[in-house]
Each structure stands twice: as C-alpha cells, then as structure tokens.
Amino acid sequence: MSEMKKVIMLGNEAIARGAYEAGVKVSAAYPGTPSTEISEYLVQYKDNLYCEWSPNEKVAAEVAVGASVVGVRAMCCMKHVGFNVAADPAYTVSYMGVNGGLVIVVADDPGLYSSQNEQDTRMVARAAQLPVLEPADSSEAKEFMKQAFELSEQFDRPFVFRTTTRLAHSQGVVELRERKQIEDKPYEKDIRKTVMMPGNAKLRHIEIEKRNLELAEAANTLPINKVEMKDTKIGVITSGIPYQYVKEALPDASVLKLGMVNPLPRKLIEDFASRVEELYIIEELDPVIEEQVKSWGIRAVGKEIFTVQGEYSANMIRRAVLGEEPNFKTPAQVPVRPPILCPGCPHRSVYYVVKKLGLHVAGDIGCYTLGAVAPLGVVDTTVCMGSSISSLHGMEKAKGKDYIKNWVAAIGDSTFLHTGINSLMNMVYNNATGTVLILDNSTTGMTGHQDHAATGRTLQGDPAYAIDIQGLCRAVGVKHVTEVNAFDLETLEKTIKEETARDEVSVIITKTPCVLLSKGKKPLYIAHEDKCRKCGMCMKPGCPAMTRRENGTIRIDDTMCTGCGLCMDLCRFGAIELVKAGDR
Amino acid sequence: MAAKNIMIVGVGGQGTLLTSRILGGLATAGGYDVKLSEVHGMAQRGGSVVTFVRYGEKVAEPIVEEGQADVLIAFERLEALRYAHFLKEDGALIVNDWRIDPIPVVIGAAEYPEGIIETLKKDYKVYTVNATEESKKLGNPRVFNLIVLGIAAQHMDFTVEEWYDVIERTVPPKTIDINKKAFDVGYHLVSE
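Analysis parameters
Residues numbered from 1 in each chain as written. Chains lettered and ligands numbered in written order. Predicted model: local features only at pLDDT ≥ 70, side-chain atom pairs only at ≥ 80, totals over all residues. Helix = DSSP H or I, 4+ residues; strand = E, 2+ residues; numbered from the N terminus. Rg over C-alpha atoms; globule rule 2.2 N^0.38 Å. Buried ≥ 20, exposed ≤ 12 C-beta atoms within 10 Å, placed from the backbone. Contact = placed C-beta atoms within 7 Å. Pairing = 2+ DSSP bridges. Axes fitted to C-alpha atoms, helices over the stretch in contact; angles between N-to-C directions. Domains from an automatic or database assignment. Nonpolar A, V, L, I, M, F, W, Y, C, P; charged D, E, K, R; others polar. Core = buried A, V, L, I, M, F, W, Y, C linked by C-beta atoms within 7 Å. Parallel < 35°, antiparallel > 145°, perpendicular 65-115°, else oblique. Left-handed = near helix turned anticlockwise from the far one by under 90°. Arc of directions from axis to C-beta.

### A word on the overall build of chain A
Along its length, chain A carries 20 helices and 23 strands. Computed over C-alpha atoms, the radius of gyration of chain A comes to 27 Å, within 12% of the 25 Å expected from 2.2 N^0.38 for 584 residues, which places it in the range of a compact globule. Principal-axis analysis of the C-alpha atoms gives chain A an extent of 80 × 65 × 55 Å. Each of the 584 residues in chain A was classed as buried or not, and the buried ones make up 52%. Nonlocal contacts in chain A, meaning residues at least 24 apart in sequence, comprise 76% of its contacts between residues at least 6 apart.

Right, here's the structure in full:
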C-alpha cells in the first residue's frame, strides 16, 4: 500500500528519499555544497541502509562501486569539483557497468555560490561516457532517482544524477511512497567485467559503446523526456531548473524537456525541431545539448543569446527571446556584503598572527579561504582540496628554502584528511622545509559541520576511532609537530616564528573548535567608550561584531559577540572588558 | 490564484532558513503548491542571503525575480535597500530596523547608507520595527525573526491559528512559547 503522503522537501532531501524508496543499501559521500544535505537526510533511513562520510570523493565512489559489484543498489554524492577527485574510478566503472544499480549524484554550482569554478558535470560525464539524468524540481528529484537505478540495472550502466545549487536548495512538494524491496543480485565472479586490465577493458569499451547506443535509442521513448506541444512559433529544448524559467517566461511555447541529458534522444529532437518555427536551446553553463543538436544539422539558437555563466532566470529569457524588459525600480547602489569569518572564529586569530608576521599563505578550500579578503588579506592562493601543502612545496622547489620561510600553508582538519595528507607525505619524502598550519576546528565547517575521520563519530552517529592528526603527521615522518590553542596569540606567534625558521618540514596544529559548535552560555565583551583611544588595534582582525560609534570609539554588538576575547587581548588600554563569566 | 511571492533577506546567520521552513510549512498546510529557494554554504557565513517562497495553485520557478515580490521581509536595513527593487508596485516591505555593518564598512572602505528607511518610504510601502530590541525585551534576541514574521502575516493569507500550528511544528519544543509570543508582538504591531 502506498502512503501517498504529500510533504515539502528540499531537492537534496528528495534525492535522499528517492534513494531510500529505490531500495539503496549503501551510500558514501564527502560533504560539498550544494550536495551535502543528501547524506544528512539519508541517515534518517539508517535502519534500512548504510551511509557514510568518506574522507574524499574518490573513496566514496569506490565504496559505492564495491557495493554495486556485490549486487546491491549503491550511490555516492559529491559536488561538481568532487567529481574530479572521483574521476579515476568514475571513468573506469563506466567500462565495468554494474551489478546492483549504481548512481553518482553530482551537484553543479552555476553562479558559484560556494565553489571555486563553474564546471559543467554533463561535460565530464560525456567524456566518461556516463549517462546523465537531470531533474527539474524536488518531485522529479525523487522520481528520477528511482528511474536512475532502474535504468542503471536495465542497461548495465552507472548513472550520473546531475543537480544544480538551485535544485538542491529549493523546496517543493513531494509525494511519499514506500521503499521498494530489492533483492540483492547474486555476485558471480566474472573478471572480464570487473578486472579492468587492458585485455578486458578493450572488450568492455566496445560493449559500453553498444550499450550507450541502445540507451540513446531508448531515450526517444523514455517518459522522462517529454514533449509539451503548444504554440509552434517558438520551440524550446531544455532540462533541469531552466525548464521552470522557460515555463514562466514562455508559457505558450512548445517545450521538449529532457530528463536524460546524456545520451540525447536524436529522433525525438529531430522530430520536435521539425514541428516548430524557431528552436531555442536553453541550458545553464556549457552548450552541451546545443553543440550536439547543431552537429546534426539542426538550426537552433543557443549561446548566441544566452550566457555560459551563472544562473538563468525567467526575466533573462524574456529579455533574450522576446526582447521584453521587465518592469522594476532601479536597484539602489549599496555596499557589498561578502561572506566573512564568523565572530569568534578561531581562524581569525591565527590569520591575525600570520598577518602580523608578514607571511604569505598558500591556502586551501574551507571557511579559512575567507582569510583572502580584507582586512586580513593573508591568503595568496586557493586552488582545490589539499593544494595548499603541495603548492607550498612547489614554491620551495622553485625558489629555495630561504624563500619559503616567508610562507606557510593553511589547511583545515577535514581538508587535510581529504587529500592534504598525500601532499604532506610528498613534503617529507622530497626533503621539503616548509611549514604547514592545520587549522583544526574539529569539524567540516563550511558545509555545515559534518563529522570526519578525526572527530570520533560517523555519519550514522556511531562512535568511531578519532584519527589523531598530530600522530598521523608524526607517522608520515614530520619530526616537528606542535599543537597550539588558536587564541593563544603569544605562543602562536612564537611557534610560527620558530617553525618557519627551521630547515625541516614542520606542522603547527591550531586546535580550537569551530565557534558555531560551542553551545550554552557564552561570555560577552563590551567596549568602554571612556577608555577607548580609537587606535583601531582591536579592529585589525576584522571581527563583524565590532563597529565604530560616530565619535570613533568602538562598540561591540552584543547580539553577535561570541566571547572569543581576541579584541580584548589586542586592546592596550583596557577598554574592552568581559561582562559575563564563562569558559574561554 | 496567481502565485504569491515572498522574499526574506538578511545577513547569513540571522535565521532565514528557519523562517523559510515556517513559511513553507504554512503554505503546504494551506494546500497550496509551494516552492522555496534558500542559500546554504559559504554565503551563510555573514554574507547577504536571500530566500524565496512562492505559493499558489501551480508554481514553476522556485525564485522570485525583480519586480515580482508581494512581500519583502528584511532582517536588516541595508539588505532591505539592496533587494527593494524586487518588490511589485504595491508590494509590502517589512524591515527590521537594525544595522549590521558589512565588512567594507567595518574596514572603512565604504559608508553605511544614511536614512535608509526614509529613502525606501519614498518608493515603497514600508513597515518597520526594531525587532532585535523588542525580542531582547522578551528575553531572547534570537526570536526577532518571529516578530518580523508577525508583521508580514498581516499581509498574507493565513489565520493566526495556522501560524501557531506551523510555529509549533517547526521551532524547537522548548522555544514554542517564546516564538509564539514574538509572533504576537509583530502581528499586533501597528507600524507605518
């Protein structure tokens, strides 16, 4: 009996629900906006399935591959750049195919709300010859997940499930169903399919080309690719969230909405194109559909009038297609409000000392990337997960060990365990002398506080061995590992000076939990107007709780202050005082 | 009915996500089709954040675009100014009369605009409250957003009972009473 209950769900929650209903048994992921919440919602079904945080996306993908090989439905979830980390298993499992259905959920970020690039997963998936489904709202997200597992098993292909930030973080109405009882598929050893050495892989390559052609043929009649014929003056081929903008902007147009965006249903597209006067292809980011359609000799308008950057909107489509200017008042010119380190963030304290010492920072991916912006402005580079340590090493090899005394690498605990540890092994192995700061706030911060291998707790809430980061660094051969409280300015300064001067690899772990993790009553600081000399020392770390009054003295916003005390430590005139007792 | 378009804007960390959950629950309980769009991740770290809520018979896109908002709820003055042009001609602008300096202002690279409320009143129907101060009087500065929602409720299509229901279902059990009280303060506030 179906429950048929209607609820409102975040796109990511609907994906988790779809996986549950599809009978998924194993899921692995590394947190990454906008994909993180899938696993956080999935864990509510832990009585029926297993889910975990893996240290990185490559590991997560391989966990899912293993589960699929032995015959259960499995998935892994990641953001678009995480798919690069998982590319190695993804490209080859594409050759292997599946036993139990296998779905790789990848979340793109058009508009770069929380990412370092704007890459299009459909391009990566095409290169890996992986089929791709793309839903357009929460309801489809749930249904398409179930479709993805069905198709995966039917065509023996791992499927990529592509979402974008707007889908992942939008809520919509979803109808709940019961979980499908899926029998485990028997595991029968067949190394021609599961050992990808040249002789086997060569044959698999031929096989998957064939499967993809079959899938492309089937795509012409799959109900997830649907034609909505209306006025034939304007026809639009679209998919995902842009479909919704098309419905708002061009309610009378005929639409071919693709639920499967790789491979494309050629006959369906050719037929649709022949029935409309003007064909538009409306897709965010890269011209993936457009280039293929045009390569078949079909006349269409796409990136000539639509951007490859950022998110689309109905207003944008009205402007581009109809030449209609939306009616609204001129936006006010106002100061920007970029994201910043939170009041009480331990990274602020560390960066304050680094700045005071005039050091450059090879940075990494996490909240601490925000140390790049004023007033701290200490971070010089940010590329990808783990790159701080390896790029610092490259700088030393380029310019010598004295040059690198003016640099440090800065990386968070979760990012260190993700891929940073490999880079540290490389430093030790290749006789580096640089200094690495591990900003250990005991969580995966930016994505909203997920556990990792050093927190002592799993995604499912079970206790686990907490990897000792200090011990790990020593184990790979770093002789000089120091742990310092991030708010102990004096010790921190002394330690950084000593370690950067050293002609050997060293690691400084600044260990202070993320301020958002600490609950309960917090101490509070106030700034006395009469004692304040307006010197601005306390303002240097750029705490958002601190502002100047009209007369130039400092005021601390008591709704924002978390009581870290950094400002008090910097004030030479005793103008800042603790007003409520509590632990520092 | 045509979809009703609501926006909530503020500074990351001010609780826009809780507010959107309340509005989403409210519209779902009312039997409407609903779509909401939120900001997670980096922008939540003190950046400018915006949440869209749309409800009606059938809703396609999950965002509200320029010139389309029926109600704009701003948890901070500067953010009200930043997004005011999203309002319809006769839309209602509800502003928490509170200032949080963005980092360019903190470091002296930009000025916080003076007279924001007066500026907005020239072009829009503005309802203001210093909800942050009002909520401190209730004993918990974090419930300020329910006060602001209370004012917004005056411009929406739901009964007090429906609001109470969704508050009870959404906020942590221990804070139900104070959140309802905060809602009442806003709902009965006459501001112009």
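### Comments concerning the overall build of chain B
Helices and strands together make up the secondary structure of chain B, namely eight helices and six strands. Reading the secondary structure of chain B in the N-to-C direction produces β-α-β-β-β-α-β-α-α-β-α-α-α-α. Radius of gyration (C-alpha) of chain B: 16 Å, near the 16 Å computed for a compact globule of 192 residues. The dimensions of chain B, computed from C-alpha atoms along their principal axes, are 50 × 40 × 35 Å. Counting every position in chain B, which comprises 192 residues, the buried fraction comes to 58%. Residue pairs in contact within chain B that sit at least 24 positions apart in sequence constitute 65% of those at least 6 positions apart.

### Considerations on the environment of Gly97 of chain A
Checked against the element boundaries, Gly97 of chain A lands in the loop between α5 (87–96) and β5 (102–108). As for Gly97 of chain A and Lys193 of chain A, which are separated by 96 residues in sequence, their C-alpha atoms are 7.6 Å apart.

### Overview of the sheet that holds strand β3 (residues 48–56) of chain B
The eight strands lie next to each other as β1(A)-β8(A)-β2(B)-β3(B)-β1(B)-β4(B)-β5(B)-β6(B), forming an open sheet whose pairing is mixed. With one partner strand each, in any of the chains shown, β1 (6–10) of chain A together with β6 (125–129) of chain B form the two edges of the open sheet. Strand-to-strand twist in this sheet, taken as the mean axis angle between neighbours without regard to direction, amounts to 20°. Docked against the sheet, helix α7 (residues 138–155) of chain A engages β1 and β8 (170–175) of chain A, running at close to 60° with respect to β8 of chain A.

### Comments concerning the sheet that holds strand β3 (residues 50–53) of chain A
Strand-to-strand pairing in sheets goes through backbone hydrogen bonds, with the strands running parallel or antiparallel. Residues and elements named next belong to chain A. Here we have seven strands laid out as an open sheet, ordered β3-β2-β4-β5-β7-β6-β12, and mixed in their pairing. Every other strand in the sheet has two partners, leaving β3 and β12 (260–262) as the edge strands with one partner each. Strand contacts of α7: β5, β6 (132–133) and β7 (159–164), with the helix running at about 165° to β7, the strand carrying the most contacts.

### A few points about the domain arrangement of chain A
All names here are of chain A. Assigned domains within chain A: domain 1 (6–219), domain 2 (226–322), domain 3 (346–511) and domain 4 (524–580). One C-alpha centre belongs to domain 1, the other to domain 3, and the line joining them spans 32 Å. Each partner contributes residues to the interface: domain 1 has 16 residues there, and domain 3 has 17 residues. Within the residue set of the side of domain 1 that touches domain 3, elements represented by two or more residues are β3 and α4 (80–85). Ranked by the residues each element gives to the side of domain 1 that touches domain 3, the list is headed by β3, at three residues. When its residues are assigned to classes, the side of domain 1 that touches domain 3 shows eight nonpolar, six polar and two charged.

### Let's talk about the pairing of β6 of chain B
All names here are of chain B. Along β6, four of the five residues are buried, which leaves the element largely enclosed by surrounding structure. Two elements, strand β5 (residues 87–96) and β6, share five bridges in a ladder whose sense is parallel. Residue pairing across strands places Leu93 opposite Val126, the latter belonging to β6.

### Overview of the nonpolar core
Within the largest apolar cluster, 236 residues are counted, with the highest numbers of intra-cluster contacts made by Ala64 of chain A together with Met7, Leu72 and Leu93 of chain B. For this core, the element with the most residues is helix α6 (residues 144–153) of chain B, which contributes eight residues. Excluding its chain neighbours within four sequence positions, the residues that come into contact with Leu72 of chain B are Met7, Val9, Tyr83, Ala84, Phe86, Leu87, Gly91 and Leu93 of chain B.

### Considerations on the interface of chain A and chain B
Contacts between the two partners involve 45 residues from chain A, matched on the other side by 45 residues from chain B. When residues of the side of chain A that touches chain B are traced back to their parent elements, those giving at least two are β8, α11 (241–249) and α14 (314–322) of chain A. The residue makeup of the side of chain A that touches chain B, split by class, is 24 nonpolar, 16 polar and five charged. By the bridge criterion, three bridges tie β8 of chain A to strand β2 (residues 33–37) of chain B in an arrangement that is antiparallel. The residue of β2 of chain B that forms the bridge with Gly172 of chain A is Lys35 of chain B.

### Some remarks on the packing of α11 of chain A against α14 of chain A
All names here are of chain A. Between α11 and α14, the shortest axis-to-axis distance is 8 Å and the interhelical angle comes to 60°. Overall, the two elements α11 and α14 adopt an arrangement that is oblique. Both α11 and α14 take part in a crossing whose hand is right-handed. On the side of α11, the interface is formed by Tyr245, Val246, Glu248 and Ala249, while α14 contributes Ala314, Ile317 and Arg318.

### Considerations on the environment of Met78 of chain A
Residue and element names in this part refer to chain A. With respect to the helices and strands, Met78 occurs in strand β4 (residues 74–79). Take Met78: there are 30 C-beta atoms within 10 Å of it, and that puts it in the buried class. Residues Met78 and Glu57, 21 residues apart in the sequence, show an inter-C-alpha distance of 6.5 Å. What Met78 contacts, discounting residues up to four positions off in sequence, is Ala29, Tyr30, Gly32, Ser35, Glu57, Ala60, Phe83, Ala86 and Val106.

### Re α6 of chain B
Among the 10 residues in α6 of chain B, 10 count as buried, and that is most of the element. All of the buried residues along α6 of chain B are Phe144, Asn145, Leu146, Ile147, Val148, Leu149, Gly150, Ile151, Ala152 and Ala153 of chain B.

### Some points on helix α5 (residues 131–138) of chain B
Residue and element names in this part refer to chain B. Every buried residue belonging to α5 is among Ala131, Thr132, Glu134 and Ser135, and all of these are buried. Seen along its axis, α5 keeps its buried residues to an arc of 160°; they face one direction. The secondary structure elements touched by the buried residues of α5 are β5, β6, α6 and α8 (176–187).

### Details of unusual backbone geometry
Residue and element names in this part refer to chain A. The omega torsion across Asn262 and Pro263 is -10°, close enough to zero to call that bond cis. Checked against the element boundaries, Pro263 lands in the loop between β12 and α12 (266–275). With an omega dihedral of 5°, the bond running from Ala374 to Pro375 counts as a cis peptide bond. For Pro375, the position within the fold is in the loop between β14 (360–362) and β15 (379–381). Not every positive phi belongs to a glycine, and His449 is a case in point at roughly 70°. Within the secondary structure, His449 is located in the loop between β17 (435–440) and α18 (469–475). Look at His449 and you get partly exposed, because 17 C-beta atoms sit within 10 Å. For Lys534, which is not glycine, the phi torsion reads 60° and is therefore positive. Locating Lys534 in the fold gives a position in the loop between β20 (524–527) and β21 (546–548). Residue classification places Lys534 among the partly exposed positions, given that 14 C-beta atoms sit within 10 Å.

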